[in-house]
Amino acid sequence: MDLRMRNCLLPICCLYAIAAMAAGTAITGTARNQTTGRPSAGDNVLLLRLGDGMQEEARATTDAQGAFAFNAGGDARYIVRVMHQGVNYDQMVIGKDPLEIKVFDAVA
């Protein structure tokens, strides 16, 4: 391979590597209210990256079906936190399967 060809391929390979890292991993799930038996719509959801403490990576709100989604980057470990009626429900992200987070109505 001549020098010009190698100099052209190097930037292209770097761009592919950067694009692959930026693509990240989709973290999806649903929050379901176990008290009512219905999806938990309108709850705040946090994506927390574990490492030196827990750092907020992203925020979302559950839709009418209780669904949420995040695009996480790299190999980091994450916890998803659903906040329902002032109570936090945390679940560790393991693998690529969608999460099912059970929440309950708070009692005064």
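As shown above, the structure is provided for reference.
Quick summary incoming for the structure in this document. (Residues numbered from 1 in each chain as written. Predicted model: local features only at pLDDT ≥ 70, side-chain atom pairs only at ≥ 80, totals over all residues. Heavy atoms only, no water.)

1. Examining the layout of surface pockets
Next, step 1: Of the pockets and cavities examined, the largest pocket occupies roughly 160 Å³.
Next, step 2: If you trace the largest pocket, you find it lined by Thr25, Ile27, Ala72, Gly74, Asp75, Ala76, Arg77, Tyr78, Met92, Val93, Gly95 and Lys96.
Next, step 3: Residue composition of the lining of the largest pocket, by class: 6 nonpolar, 3 polar and 3 charged. (1 Å grid on protein atoms, 1.4 Å probe; cavity = no way out; pocket = protein on both sides within 12 Å on 5 of 7 lines; lining within 4 Å. Points joined across faces, edges and corners; volume = space filled by probe spheres on them. Nonpolar A, V, L, I, M, F, W, Y, C, P; charged D, E, K, R; others polar.)

2. Remarks on the nonpolar core
Next, step 1: Of all hydrophobic cores here, the largest spans 16 residues; its most connected members are Ile27, Leu47, Phe68, Phe70, Val80, Leu99 and Ile101.
Next, step 2: Contributing elements (two or more residues each) for this core: β1 (25–33), β3 (44–51), β5 (67–72), β6 (78–84) and β8 (99–103).
Next, step 3: Look past the residues within four positions of isoleucine 27 in its chain and what remains in contact with it is Leu47, Phe68, Ala69, Phe70, Ala72, Tyr78, Val80, Val93 and Leu99. (Core = buried A, V, L, I, M, F, W, Y, C linked by side-chain atoms within 4.5 Å. Buried < 20%, exposed > 50% of the residue type's maximum accessible area, 1.4 Å probe, protein only. Helix = DSSP H or I, 4+ residues; strand = E, 2+ residues; numbered from the N terminus. Contact = heavy atoms within 4.5 Å.)

3. A closer look at empty space enclosed by the protein
Next, step 1: Scanning the entire structure with this criterion turns up 1 cavity of 30 Å³ or more.
Next, step 2: The space that makes up the largest cavity amounts to roughly 50 Å³.
Next, step 3: Taken together, Thr25, Ala26, Ile27, Thr28, Val93, Gly95, Lys96, Asp97 and Leu99 make up the full set of residues lining the largest cavity.
Next, step 4: Considering only residue class, the lining of the largest cavity consists of 4 nonpolar, 3 polar and 2 charged.

4. A few points about the sheet that holds β6
Next, step 1: The strand order across the open sheet built from 4 strands is β4-β3-β6-β7, with neighbouring strands paired in antiparallel fashion. The open sheet has two edge strands with one neighbour each: β4 (53–61) and β7 (87–92). Geometrically, the sheet is characterised by an average inter-axis angle of 25 degrees between neighbouring strands, direction not taken into account.
Next, step 2: In terms of strand pairing, β3 meets β4 through 8 bridges, oriented antiparallel. Bridge pairing in β4 places arginine 49 opposite glutamine 55. (Pairing = 2+ DSSP bridges. Axes fitted to C-alpha atoms, helices over the stretch in contact; angles between N-to-C directions.)

5. Focus on the pattern of salt bridges
Where charged atoms of side chains with opposite charge meet at close range, the side chains can pair.
Next, step 1: Applying the stated rule across the entire model yields 3 salt bridges.
Next, step 2: For aspartate 90, the salt bridge identified is with arginine 81, shortest N-O distance 2.8 Å.
Next, step 3: Overall, arginine 81 belongs to the buried group, its relative accessible area being 17%. (Salt bridge = Lys/Arg side-chain N within 4 Å of Asp/Glu carboxyl O.)

Remember, this is a structural readout, not a statement about activity or role.
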